[in-house]
Amino acid sequence: MTPSMEDYIEAIYALGDARDPVRLTDIAQRLGLTKASVSRAVHSLSEEGLITHQRYGTLSLTEAGIRLAREVYHRHTLFKRFLTERLYLPEDVAEHDACRMEHAAGPQTIEALERFLNE
């Protein structure tokens with residue numbers, strides 16, 4: 001799973017509150033991308049079994065997509081909390097950097113970060 005595909009899954013999760021269907025246009029707006037780019041990604045995510053998509057209609061996360069989205073969202077939230085609560089970075093900087101960091105961290109780093117933030 002590429003970082004950009006994880007971003008799509010996370011956007012669908014956030015827009016659709018996990019189970020509600022979302023529109024391609026909403027995803028494009030949220031990510032600042034063209035509908036054509038989103039359409040290509042949606043096709044790939046559908047082939048991976050992470051979303052269901054009705055042609056020219058709405059799309060929803062599958063159970064596997066929801067699990068992945070929750071994992072990505074959790075990593076994002078941890079990094080954002082660390083950046084804002086411990087490093088005192090502004091919200092916008094923390095949001096941007098957390099989005100980049102969430103894709104690179106391995107399981108050990110995530111576990112250590114959870115322990116650190118919960119101390």
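Residues numbered from 1 in each chain as written. Predicted model: local features only at pLDDT ≥ 70, side-chain atom pairs only at ≥ 80, totals over all residues. Heavy atoms only, no water.

K.L.:
Just to check I follow, could you spell out the packing of aromatic side chains for this structure?
P.N.:
Aromatic ring pairs are reported here in terms of the distance separating the ring centres and the angle at which the planes meet. This structure, assessed with the given rule, holds two aromatic pairs. With a centroid separation of 5.8 Å and 50° between ring planes, the pair formed by Y13 and Y73 is classed as tilted. In this pair, Y13 is assigned in helix α1 (residues 3–16) and Y73 in helix α4 (residues 63–86), connecting sequence segments 60 residues apart. Here Y13 falls in the buried class, since its relative accessible area comes to 17%. Overall, the relative accessible area of 41% leaves Y73 in the partly exposed class. Ring geometry for F82 versus F116: centroids 6.0 Å apart, planes at 65°, classification edge-to-face. (Phe/Tyr/Trp six-rings, centres within 6.5 Å; stacked < 30°, edge-to-face > 60°. Helix = DSSP H or I, 4+ residues; strand = E, 2+ residues; numbered from the N terminus. Buried < 20%, exposed > 50% of the residue type's maximum accessible area, 1.4 Å probe, protein only.)

K.L.:
Looking at this structure, I do not really get the nonpolar core. What am I missing?
P.N.:
Generally speaking, soluble globular proteins have nonpolar side chains that are buried together. If you look at the biggest cluster of nonpolar residues, it comprises 21 residues, and the most contacted ones within it are I9, I12, L45, I51, L59 and L61. Among the secondary structure elements, those contributing two or more residues to this core are α1, α2 (24–31), α3 (35–47), β3 (58–61) and α4. A total of five residues in this core trace back to one element, the largest contributor, which is α1. Apart from residues no more than four positions distant in its own chain, I12 is found in contact with D17, V22, I27, L45, I51, L59 and L61. L78, L83, A105 and L117 belong to the second largest nonpolar core, which has nine residues in total. (Core = buried A, V, L, I, M, F, W, Y, C linked by side-chain atoms within 4.5 Å. Contact = heavy atoms within 4.5 Å.)

K.L.:
Is there a simple way to explain the side chain of H76 in this structure?
P.N.:
Here H76 lies in helix α4. Separated by 2.4 Å, the side chains of H76 and E102 make a polar contact. In contact with H76, not counting residues within four places along its chain, are E10, E95, A98, C99 and E102. (Polar contact = N/O pair within 3.5 Å; in protein donor to acceptor, adjacent residues only side chain to side chain.)

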